[in-house]
Amino acid sequence: MARIEIDGKTCEVNPNNNLLQECLSQGIDLPYFCWHPCMGSVGACRQCAVKVFKDKDDTRGTLVMACMTQAAEGTLVSVDDKQAADFRAGVIESLMISHPHDCPVCEEGGECHLQDMTLMSGHNYRRHDKKKVTFRNQYLGPHIGHEMNRCIACYRCVRYYDDYAGGNDLVVQASHNHVYFGRHQEGVLESEFSGNLVEVCPTGVFTDKTFSKHYTRKWDLQTAPSVCNHCAVGCNTTPGERYGTLRRVVNRYHAEINGYFICDRGRFAYDLVNGDRRVASSHEKGTDGNQELTGDQGSVKLRDLARGNTLAIGSPRAGMEANFALMRLVGRENFYSGISDKEAALLNTVLDVYDDSGIHCPSIHEIEAADAIIILGEDVTNIAPRIALALRQSVRNRSLEMAADSKIPSWQDAAVRELAQREKSPLYILNGYATRLDDIAAACHIDHPDRLAEFAAALAGAVDPAAPAPSVMMTAEQQQLLECIASDLIAAKRPLVIAGVSNEHEALLGAATNLARALGKKRNSESAGPVNMCCLVPEANSLGLAMLLRGSVNTLSAACERMKQGGNAIVLENDLYRRMTPVQVDESLSALETLVAIDHVHTPTVSRANIVLASTAFSEQQAVYVNYEGRAQISYQVHESQFHARPAWRWAAPGMKPDALIRECAANVAGLEKLVQVLPDTTGLVSGMKIPRQPPRYSGRTAMNASRYVHEPKQATDDSSPLNFSMEGIPLQKDSRFQQFTWAPRWNSNQSISKFQDEIAGELKQGQPGVNLLSGGGSFAYAVLPEQSGLDAAESDAAFQVIQAFHIFGSEELSAMSENIQARMPGPYAAMAPVDAARLEIGFGDFVDLRSGSVAVQLPVSLREKIKPGTVVVYGAGNEINRYELAATAQLSLGERQSNGGHLDALIVSDARVAGTGRTNRP
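Note that this is a predicted model, so its numbers are computed, not measured.

## Side note on helix α24 (residues 658–668)
Part 1: Buried within α24 are the following residues: Pro-658, Leu-661, Ile-662, Cys-665 and Ala-666. For α24, the arc enclosing every buried residue in end-on projection is 135 degrees, short of the 170-degree limit, so these residues lie on one face. Exposed and oriented more than 90 degrees from the buried face of α24 are Ala-667 and Asn-668.
Part 2: If you follow the buried residues of α24, they end up packed against α9 (320–330), α19 (542–548), β27 (623–626) and α23 (648–652).

## Here's the deal with the nonpolar core
Part 1: Formed by 221 residues in total, the largest nonpolar core has its most connected members in Tyr-160, Ile-374, Ile-387, Leu-391, Leu-515, Met-533 and Leu-675.
Part 2: Setting aside residues up to four positions removed in sequence, Leu-675 forms contacts with Met-320, Val-624, Ala-632, Ile-662, Cys-665, Ala-666 and Leu-773.
Part 3: Counting 22 residues, the second-largest nonpolar core is a separate cluster that includes Met-563, Leu-589, Ala-597 and Ala-614.

## Some remarks on empty space enclosed by the protein
Part 1: Evaluation of the coordinates by the stated rule reveals 11 cavities of 30 Å³ or more.
Part 2: Volume-wise, the largest cavity comes out at about 80 Å³.
Part 3: Taken together, 13 residues make up the lining of the largest cavity; nearest its centre are Cys-151, Cys-154, Cys-157, Cys-201 and Val-205.
Part 4: Partitioning the lining of the largest cavity into residue classes produces 11 nonpolar, one polar and one charged.

## Details of the pattern of salt bridges
Part 1: Applying the stated rule across the entire model yields 45 salt bridges.
Part 2: Across the pair Asp-29 and Arg-746 runs a salt bridge whose closest N-O atoms are separated by 3.3 Å. Here Asp-29 is found in the loop between α1 (19–25) and β3 (49–53), whereas its partner Arg-746 is found in the loop between β30 (723–724) and β31 (771–772), with 717 residues between them in sequence.
Part 3: Judged by relative accessible area, Arg-746 falls into the partly exposed class, the value being 48%.
Part 4: For Arg-451, the salt bridge goes to Glu-454, with nearest N and O atoms at 3.4 Å. Pair noted here: Arg-451 and Glu-454 are both in helix α16 (residues 449–463), with a separation of three residues, about one helical turn.
Part 5: Classification of Arg-451 by relative accessible area gives partly exposed; the value is 28%.

## Section: the side chain of Arg-436
Part 1: Within the fold, Arg-436 resides in the loop between β20 (427–431) and β21 (443–446).
Part 2: Residue Arg-436 is classed as buried on the basis of its relative accessible area of 13%.
Part 3: In this structure the side chain of Arg-436 is engaged in a polar contact, spanning 3.1 Å, whose partner is the side chain of Glu-192.

## With respect to the sheet that holds β27
Part 1: Within the open sheet, the three strands sit side by side as β27-β28-β31. Their pairing is antiparallel. A strand with exactly one partner marks an edge of an open sheet, and here the two such strands are β27 and β31.
Part 2: Two elements, strand β28 (residues 631–635) and β31, share two bridges in a ladder whose sense is antiparallel. The residue bridging Ala-632 from the neighbouring strand is Val-771, located in β31.

## Digging into the sheet that holds strand β4 (residues 62–65)
Part 1: Read across the sheet, five strands follow the order β2-β1-β5-β3-β4 without closing on themselves; strand pairing throughout is mixed. The sheet is open, and its two edges are formed by β2 (9–13) and β4, each paired on a single side. Ignoring which end each strand starts from, the neighbouring axes of this sheet average 40 degrees apart.
Part 2: Bridge analysis of β3 against β4 gives four bridges, and the strand direction is antiparallel. Bridged to Lys-51 within β4 is Leu-63.

## Examining the packing of α16 against helix α18 (residues 506–525)
Part 1: Packing of α16 against α18 leaves a shortest axis separation of 8 Å and a crossing angle of 15 degrees. Our classification of the angle between α16 and α18 gives roughly parallel. Here α16 runs over α18; the crossing is left-handed. Contact with α16, carried on its side by Pro-449, Leu-452, Ala-453, Ala-456, Ala-457, Leu-459, Ala-460 and Val-463, involves Ala-507, Leu-508, Ala-511, Asn-514, Leu-515, Ala-518, Leu-519 and Lys-522 of α18 and no other residues of that element.
Part 2: Within the contact of α16 with α18, the residues separate by chemical class into 14 nonpolar, one polar and one charged.

## Side note on the packing of aromatic side chains
Geometrically, a pair of aromatic rings is defined through the distance of the ring centres and the angle of the planes.
Part 1: What the rule picks out here adds up to 12 aromatic pairs.
Part 2: Aromatic side chains Phe-135 and Tyr-180 sit 5.7 Å apart centroid to centroid with 55 degrees between the ring planes, which places their arrangement in the tilted category. Linking Phe-135 in the loop between α3 (113–121) and β6 (144–146) with Tyr-180 in strand β8 (residues 180–182), this pair joins segments that are 45 residues apart in sequence.
Part 3: Overall, the relative accessible area of 13% leaves Tyr-180 in the buried class.
Part 4: Seen from their ring centres, Tyr-155 and Phe-181 are 5.1 Å apart, and the 85 degrees between their planes marks the pair as edge-to-face. Taken as a pair, Tyr-155 in the loop between β6 and α4 (156–164) and Phe-181 in strand β8 lie far apart in primary sequence, 26 residues in all.
Part 5: The partly exposed category is assigned to Tyr-155, whose relative accessible area is 30%.
Part 6: Overall, the relative accessible area of 1% leaves Phe-181 in the buried class.
Part 7: Cluster of aromatic residues (ring-pair linked, three or more members): Tyr-160, Tyr-164, Tyr-253, Tyr-260 and Phe-261.

## Some thoughts on the environment of Gly-109
Part 1: Relative to the assigned elements, Gly-109 resides in the loop between α2 (82–95) and α3.
Part 2: Relative accessible area serves as the criterion here: at 13%, Gly-109 is assigned to the buried category.
Part 3: Separated by 640 residues in the primary sequence, Gly-109 and Ser-749 place their C-alpha atoms 9.4 Å from one another.
Part 4: Excluding residues within four positions of it along the chain, Gly-109 makes contact with Tyr-215, Arg-217, Lys-218 and Trp-219.

## Some remarks on the side chain of Arg-242
Part 1: For Arg-242, the position within the fold is in strand β12 (residues 236–242).
Part 2: For Arg-242, a relative accessible area of 5% gives the class buried.
Part 3: With residues up to four places along the chain from it excluded, the contact list for Arg-242 reads Thr-216, Asp-220, Leu-221, Arg-247, Tyr-698, Ser-699 and Met-704.

## A closer look at the packing of helix α14 (residues 397–405) against helix α15 (residues 413–420)
Part 1: Orientation of α14 relative to α15, taken along the N-to-C sense of each, is 100 degrees, at an axis distance of 9 Å. Between α14 and α15, the angle is such that the two are roughly perpendicular. Counted together, Ser-399, Leu-400, Met-402 and Ala-403 of α14 and Val-416, Leu-419 and Ala-420 of α15 form the full contact between these two elements.
Part 2: Residue composition of the contact of α14 with α15, by class: six nonpolar, one polar and no charged.

Each value, and the rule that gives it
Residues numbered from 1 in each chain as written. Predicted model: local features only at pLDDT ≥ 70, side-chain atom pairs only at ≥ 80, totals over all residues. Heavy atoms only, no water. Buried < 20%, exposed > 50% of the residue type's maximum accessible area, 1.4 Å probe, protein only. Helix = DSSP H or I, 4+ residues; strand = E, 2+ residues; numbered from the N terminus. Arc of directions from axis to C-beta. Contact = heavy atoms within 4.5 Å. Core = buried A, V, L, I, M, F, W, Y, C linked by side-chain atoms within 4.5 Å. 1 Å grid on protein atoms, 1.4 Å probe; cavity = no way out; pocket = protein on both sides within 12 Å on 5 of 7 lines; lining within 4 Å. Points joined across faces, edges and corners; volume = space filled by probe spheres on them. Nonpolar A, V, L, I, M, F, W, Y, C, P; charged D, E, K, R; others polar. Salt bridge = Lys/Arg side-chain N within 4 Å of Asp/Glu carboxyl O. Polar contact = N/O pair within 3.5 Å; in protein donor to acceptor, adjacent residues only side chain to side chain. Pairing = 2+ DSSP bridges. Axes fitted to C-alpha atoms, helices over the stretch in contact; angles between N-to-C directions. Parallel < 35°, antiparallel > 145°, perpendicular 65-115°, else oblique. Left-handed = near helix turned anticlockwise from the far one by under 90°. Phe/Tyr/Trp six-rings, centres within 6.5 Å; stacked < 30°, edge-to-face > 60°.

Here it is, written out as structure tokens:
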């Protein structure tokens, strides 16, 4: 630590940081625009001017930009100096010369960083009376609005989009006062993280177009701390509600997980909560039509069914409370996994891996620190997008090491990038097709998953000769790549292995595990600590469901066999048609006497149910989810449901509160003892006061129901959480664990998060929410690799190995039902290598008949250069193609020639940009 003096006050600071960061960490209000904790300093806006003095005798001092000055030992700084204050006021005045007077109608109103900084700098009168510079706005897609006239040229947008998120279609153009931030040609922003522009921009240049459709002022949004339920990363979010409808989702800071950014799927898929796909009420099918179930009738029917021959099927997208409540109702012996048998087995393997004391599952913050990475068989961007964004930061660690050797501070962003040029930390990708991370990879090895498993096993053997390694015939190029990867992983200080269960490939996950264990064994011999291994899992609570059923033999196939014998079944928030083939599901459900479906969206399984119980969506209930690293987190209820629905756990356990269910689960399920620690500590709440969901400026509460009631109805009560459906309660600043929106005196924008952190970009003052349930105390053992299927058994030139593809917009069940996300969903396609297409005489605009097992579908062809000849990559949006009907091999033939039909915007792509991602309407 270093000691510096700020306006006569002595402060202990981190000498590796700049003055702006340390002033903010000390709680000092210093205006800024271009600087961002994740993007370093470039000194573009000149707004953070301070006076620095040589010593006590220096009375004149020197004006410097705080973001470009190191917080060195003994520095004497003045923020309040008149010359510095006048300079800042002059800068803000120049930035505001052409800024429109549209605050009353600007969508940034209520959380505008520009407005905060303008007031903080003392600029309140515009002297410029000449003509303003104006711009034409661009169409940037269905999610992002553009109002270029509000720009103050801080460069944050392009620095985030290009340098941080890896985009290449948003650029800065022109110069001087005509500088323009947009695309060379208007069109859909391609990045999966474009929505963060809305929060990164300090003004209203980039807006949430989906929020604009039902816009309300930010201070009129009712909010609560929540967790994204569209993948297993567990990003912290803040959903906002008004008049019973969910209006938007924004990022909620968590130092270990999502930090300052979330992906577009998590940001824009919220409209499903308000959509037509919702189950509006509970009912029982009868000969005279549907009979509505009111009150506790649904719970009574569940209780009566549970007394008979009844099984229950859990869900990886339902919270721990709901799954345990159903298990509690029917008994553990009657509670079955709601995922395919292969996936369930692989999830158990993941838990075994995490039990290994030599392996550590890293948080996203730890992933960003990795200095050598290998990805085995996972398309990270489309499965766990926020991890992909972290990997883009991890490859910069080499440049940070170079900067440290050259005595360049890491926050000197432009200097670090200029020094490093193209130098990156090694990232190796082994996958069946090109991915969106290929542009930052040191090398990509594309092959079928079986061959990749053999390569990974050989790699483990290269690290540790004792590891099981089959004899594999390799080319000289492959052998050189293997040696290069092994060398980089062994030499790394923080190596990282990434694998997963998306393709349900046992051999590939086993080989990846052995590679991590081989690295861990070598590191243990050198006392270097455990090796990092990240296993990607598919859904929000996949790992939680696996932990709940760990050691059980109640697989989904076992449930199907039992259903074929008759009896009753209860399916919890799960579409079985996504877990197995339609024939298998139909055979099982047809034999049942009664099928009960508890869900909040209409699915094929719900349509088959005799009894449908309407459950609440994620923003309408409290739930605990366990993310990919075993971290349990609470997602709090934001608002009451506008439908006749109740939380799934309340149907199965009427009268119980979610906290009681969590305590009982922790006490009765082995391995979940620490789950109780996720519950909030409310001992600090004064006199029983709760945290308000509504901000102090929340307006119209007394008249919101005037169209229905003459009098003001009583506010809803919440006896299940520390939060209150009201404006009254404990001020937000008292406990950041329950932070649902960011606000501090003089800081209305999301930049106010600095007031709640121990230091900028650090931990929240009251600690991060969530608890890791994994013990990591198991012993070391190499996995026995399964036998590989024969890859060379092609029966004809038309035989292809099939690889399943995933897409951030469409592959996840719930988001695929969102109209916002459907605007970016590609249609189904079959991708193949150009050499295969030429051999089969398939060209642009052709459709192919794909026959795999008993299924036959017709798909448009996408020709991609980075695909192994002899393989076909198949993607099906939503439920358009059942992945479990596709066998390991398929026959392809030219189908009836059709027009493009809107399925794809481009049928020939040469890189990882999947065809169709820019399409703005569904076929």
